[in-house]
Amino acid sequence: SCSTMLPAFIVKGLQKKLTLLLNVTTWSPVGAAFNAKPARRQDLFEKNGLFGVPELSCPAGFQAATKAALKNTELLVQNACSCPPGVETVQCFDQLSDGLCKVADLADFIKVAHPDPAFREAAEKTCIDIGTVVEKLNTNVELCKSLKSLLDNPDIVSQLDPDTRRVAELFMFDFEISGIHLDDKLRKEAVALHVNLLDLNNEFLVGSHMPNRIARSSIPEHLHIHFANEGSFIQVGGLHADSPDDLVREIAYRIYLYPNADLMGCLEELLKCRYKLAKLVGYDSYGHRALKGTMAKTQLSHKFLVVFYFFSHRTAKDFKMMRDMKKKLNPCNSVSDFIRHNYTPHLYSPYLSLGACMEGLNNLFSQLYGVSLMSEHPSAGEVWSEDVRKLAVVHEKEGLLGYIYCDFFHRSNKPHQDCHFTIRGGRWCRETDQYQLPVVVLMLSLPHPTKSTPTLLTPGMMENLFHEMGHAMHSMLGRTRYQHVTGTRCATDFAEVPSILMEYFATDYRVISQFARHYETGKIFYAALDQIYHSKPQNRSTTEILKEMQQKFYGLPHIPNTAWQLRFSHLIGYGAKYYSYLMSRAVASMVWRQCFVQDPLNRDMGERYRREMLAHGGAKEPMLMVEGMLQRRPTIEDFVDALVSELHPNFETFIMDSES
């Protein structure tokens, strides 16, 4: 997310606040933890195990953890198939899901984040091994029969509590979309396609984050400092969108997005495989299959898609205005360089130290939910890099709610993408009669602090931090009975609501300070591209489709010899569901305007938000949660109106202010 320009009146307000802030010499513990360089620990990689899991003190531990999880799976499958239909059946299914997820989710993070290739490779193998077992379980006829005998018995179903019934239906839904209704031969074919997709997904994810390289001699020598060196080559691992240098951004754009033939083939094969699987199990396209079970339910309605065209018209106008303004401010540089960048960052960066932002989050959560973020020292071997911070999330009455590991700083081979990972989901454990505390990781790619200066964020970086923390608090504040529906394990187009709502708090002067916010036009383009990729086969290349969609929805021409879609890693986790950001933004906009805009720190409203939306994870129908929060059931017209209202009516005035 690129940072935004600040209107003059905002800069003046910040300058006044600086006079007060200069006198502040102390930080709260959470602020200090993120503003200081971590002390180097000699014992960091002692044999303790990642996330406190004893087996994971070395790469070989993943094989041991996988073996133990699969052995436990066999026992739970037997229990689920043999116990009388009732609550115990659903509990067995959830234990089964929990046991596999605790290993697979952890491995899913480590395979992309650990600096040691041996750990990454071991974690990747675990993901594939457990993923293969999951796909086989989703077409296990005996396992399905045990659940069907429960759901087909009205007397038993009537005695289930709402959460248990919902979770049972969701497990049955997984069976149905996996092809449980097919005959033996076709079921085996469906499993084979699923397993092939696991490999293709992993190949595309890894490839989408790999840097590209170019000969050092091809780049002006004075720009080498901006990129990683690799012998006689320069490595380009991202778009460098925050760089104030036009040429650095242009070089990064052209090199990082240069097409990779192998990855292009992987993407095309992945899309074909998804389409074939969807047709096999009875859907018109993968898009139809993916949207079942979401708030949208079916292919996006015409009324909702109309907003794409509405925004694209406005987007072209806004980009022309920005291009003209840039030409005026910097006539020597190419006007074709359209990547947004910071203006006079020295005026506001001091207000946005990482520690200050974390204190702001801590204060916000304290006032809304009675929750505090407390910095803890991880045990030796618990974290994968010495600059990872660990936060305990503590409620004033309920006590410890869970843990957030903050992997915030840039390092070699780390993906340049802001992400939230669930490591362990919350659930009530009947085995221990205690609540299993959730554990998550937030991953950003921020600059490191120095001896004299803490990490300073741009407004865009800060907004992304708030966004990802919205996901984390969704996981922390949920208290679901079942792991299968905890936190962000809910409908994809609802999962983004808490994170997008946090962006509104991040840009409200009463919460942090007076910041201007920009509208993220890219989301429209991404969603449209994702939808057409997952409709029926187009008989043309993914780049040709990209070019057409970019012209329609981004307002800018496609740059030859670039393939942005090969860096669109969301095609894996959000395949046919990227529109979720738009649906979630519509919901978040309605919640913000109706419930928080008058008083963003209102504790009663914060409690209602937790009670009606955050607490349930996926255990309640998303629209029922929205209805509970808004105290009315929104229509598709309400969603469209909410998105349209996001277009700032005074955008031209905003741009003019920023020039003064």
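Residues numbered from 1 in each chain as written. Predicted model: local features only at pLDDT ≥ 70, side-chain atom pairs only at ≥ 80, totals over all residues. Heavy atoms only, no water.

Under Sequence similarities (unreviewed entry), UniProt gives the following word-for-word description of the protein: "Belongs to the peptidase M3 family." Regarding the protein, the relevant UniProt record gives this comment under Subcellular location (unreviewed entry): "Mitochondrion". (UniProt positions renumbered as here; feature names shortened; annotations may be inferred.)

Draft legend 1. Up close: the sheet that holds strand 3 (residues 233-236). In spatial order, the strands read 1-3-2; together these three strands make up an open sheet with antiparallel pairing. Each edge of the sheet is formed by a strand with only one pairing partner; in this case those strands are strand 1 (212-215) and strand 2 (228-230). Neighbour-to-neighbour, the strand axes of the sheet open up by a mean angle of 35 degrees, direction not taken into account. Where strand 2 meets strand 3, three bridges bridge the pair, whose relative direction is antiparallel. Note on strand 3: the bridge partner recorded for Ala228 is Gln235. (Pairing = 2+ DSSP bridges. Helix = DSSP H or I, 4+ residues; strand = E, 2+ residues; numbered from the N terminus. Axes fitted to C-alpha atoms, helices over the stretch in contact; angles between N-to-C directions.)

Draft legend 2. Spatial organisation of the sheet that holds strand 6 (residues 399-409). Taking strand neighbours across the sheet as the criterion, the five strands line up as 4-5-6-10-7 in an open arrangement whose pairing is mixed. With partners counted over all chains shown, the strands left at the sheet margins are strand 4 (371-376) and strand 7 (419-424), one partner each. Geometrically, the sheet is characterised by an average inter-axis angle of 30 degrees between neighbouring strands, direction not taken into account. Two strands pair when backbone bridges link them, and strand 6 and strand 10 (residues 439-446) are joined in this way by six bridges, in the parallel orientation. Bridge pairing links Ile404 to Val440 in strand 10. Along the sheet, helix 4 (residues 87-113) makes contact with strand 6, strand 7 and strand 10, crossing strand 7 at roughly 140 degrees. Its contacts with the sheet place helix 14 (residues 354-369) against strand 4, strand 5 (389-395), strand 6 and strand 10, and it is angled at close to 140 degrees to strand 4. (Contact = heavy atoms within 4.5 Å.)

Draft legend 3. Focus on unusual backbone geometry. Positive phi is not limited to glycine here, since Asp433 has a value of about 60 degrees. Relative to the elements of secondary structure, Asp433 occurs in the loop between strand 8 (427-429) and strand 9 (434-436). In this structure, Gln631 is a non-glycine residue whose phi angle is positive, near 60 degrees. Tracing the backbone shows Gln631 in the loop between helix 23 (622-630) and helix 24 (636-645).

Draft legend 4. Structural view of the packing of aromatic side chains. The final tally for this structure, using the stated rule, is 15 aromatic pairs. Taking the centre distance of 5.4 Å and the plane angle of 50 degrees together, the rings of Phe93 and Phe171 count as tilted. Of the two residues, Phe93 is situated in helix 4 and Phe171 in helix 8 (residues 162-178); the sequence distance between them amounts to 78 residues. Phe171 gets classed as buried once you look at its relative accessible area, which sits at 8%. Aromatic rings pair up to connect Phe51, Phe109, Trp384, Tyr405 and Phe421 into one cluster. Sitting above the plane of the Tyr403 ring, Lys390 keeps its charged end 4.5 Å from the centroid. (Phe/Tyr/Trp six-rings, centres within 6.5 Å; stacked < 30°, edge-to-face > 60°. Buried < 20%, exposed > 50% of the residue type's maximum accessible area, 1.4 Å probe, protein only. Lys NZ or Arg CZ within 6 Å of the ring centre and 35° of its normal.)

Draft legend 5. Representation of the pairing of strand 10. Extensive coverage of strand 10 is indicated by the burial of seven of its eight residues. Here five bridges tie strand 7 to strand 10, and the two strands are oriented antiparallel to one another. Counted as the bridge partner of Thr422 is Val440 from strand 10.

Draft legend 6. Up close: the environment of Gly487. Following the sequence through the fold, Gly487 ends up in the loop between helix 15 (459-477) and helix 16 (492-495). Counting along the chain gives 14 residues from Gly487 to Met473, while the straight-line C-alpha distance between them is 8.4 Å. Once residues within four sequence positions are removed from consideration, Gly487 is found in contact with His474, Ser475, Gly617 and Gly618.

Draft legend 7. Structural view of the nonpolar core. Membership of the largest hydrophobic core comes to 70 residues, with the highest contact counts inside it found for Met358, Phe365, Ile404, Phe408, Phe596 and Met613. If one sorts the elements of this core by residue count, helix 21 (residues 580-596) sits on top with eleven residues. In contact with Phe408, other than residues within four places in its own chain, are Phe34, Leu354, Met358, Lys414, Leu442, Leu444, Ser445, Leu446 and Leu465. Formed by 56 residues, the second largest nonpolar core is a distinct cluster that contains Leu56, Leu76, Cys144 and Val388. (Core = buried A, V, L, I, M, F, W, Y, C linked by side-chain atoms within 4.5 Å.)

Draft legend 8. Just helix 10 (residues 246-256), in detail. Burial within helix 10 is extensive, with eight of its eleven residues counted as buried. Taken as a whole, helix 10 has its buried residues at Asp246, Val248, Arg249, Ile251, Ala252, Tyr253, Ile255 and Tyr256. Among the residues of helix 10, the N-terminal cap falls to Asp245, whose side-chain oxygen and the backbone nitrogen of Leu247 are separated by 2.8 Å. (Polar contact = N/O pair within 3.5 Å; in protein donor to acceptor, adjacent residues only side chain to side chain.)

Draft legend 9. Local environment of the side chain of His420. Mapping His420 onto the fold places it in strand 7. Since its relative accessible area comes to 17%, His420 is described here as buried. For His420, the contacting residues outside a window of four places in its chain are Val440, Val441, Leu442, Glu468, His471, Ala472, Ser475 and Thr488.

Draft legend 10. Main features of the confidence of the model for the protein. Taken over all residues, the pLDDT of the protein has a mean of 81, while the share at 70 or more is 79%. Taken element by element, the protein is modelled with least confidence in helix 25 (residues 651-659), mean pLDDT 39, and with most confidence in strand 6, mean pLDDT 97. Counted against residues more than four places away or in other chains, residues 1-12, with its pLDDT under 50, gives 44 contacts. Scored below 50 in pLDDT, residues 514-521 shows 35 contacts in the model against residues more than four places distant or in partner chains. (pLDDT = per-residue confidence, 0-100.)

Draft legend 11. Quick peek at the pattern of salt bridges. Applying the stated criterion to the full structure yields 27 salt bridges. Where Lys145 meets Glu142, a salt bridge forms, and the shortest distance between an N and an O atom there is 3.8 Å. Of this pair, Lys145 and Glu142 both sit in helix 6 (residues 141-151), three residues apart, roughly one helical turn. When the shortest N-O distance is used, the salt bridge between Asp638 and Arg632 registers 3.4 Å. On the accessibility criterion, Arg632 (35% relative accessible area) is partly exposed. (Salt bridge = Lys/Arg side-chain N within 4 Å of Asp/Glu carboxyl O.)

Draft legend 12. Layout of helix 5 (residues 117-137). Over its 21 residues, helix 5 runs 30 Å from end to end, which matches the ideal 30 Å to within 8%, given 1.5 Å per residue. Looking at the packing, one finds that the buried side of helix 5 touches helix 3 (61-82), helix 4, helix 6, helix 8 and helix 9 (184-209). Two to three positions downstream of the cap, the backbone nitrogen of Ala118 sits 2.9 Å from a side-chain oxygen, assigning the N-cap of helix 5 to Asp116. (Expected span 1.5 Å × (residues − 1).)

Draft legend 13. A look at the pairing of strand 5. Within strand 5, six of the seven residues are buried, leaving the element largely enclosed by the surrounding structure. One ladder, built from six bridges, connects strand 4 with strand 5; its direction is antiparallel. Counterpart to Ser372 in the pairing with strand 5 is Val394. Here seven bridges tie strand 5 to strand 6, and the two strands are oriented antiparallel to one another. Bridging from a neighbouring strand, Leu391 pairs with Ile404 of strand 6. Hairpin remark: strand 5 followed by strand 6, antiparallel, with three residues in the connecting loop.

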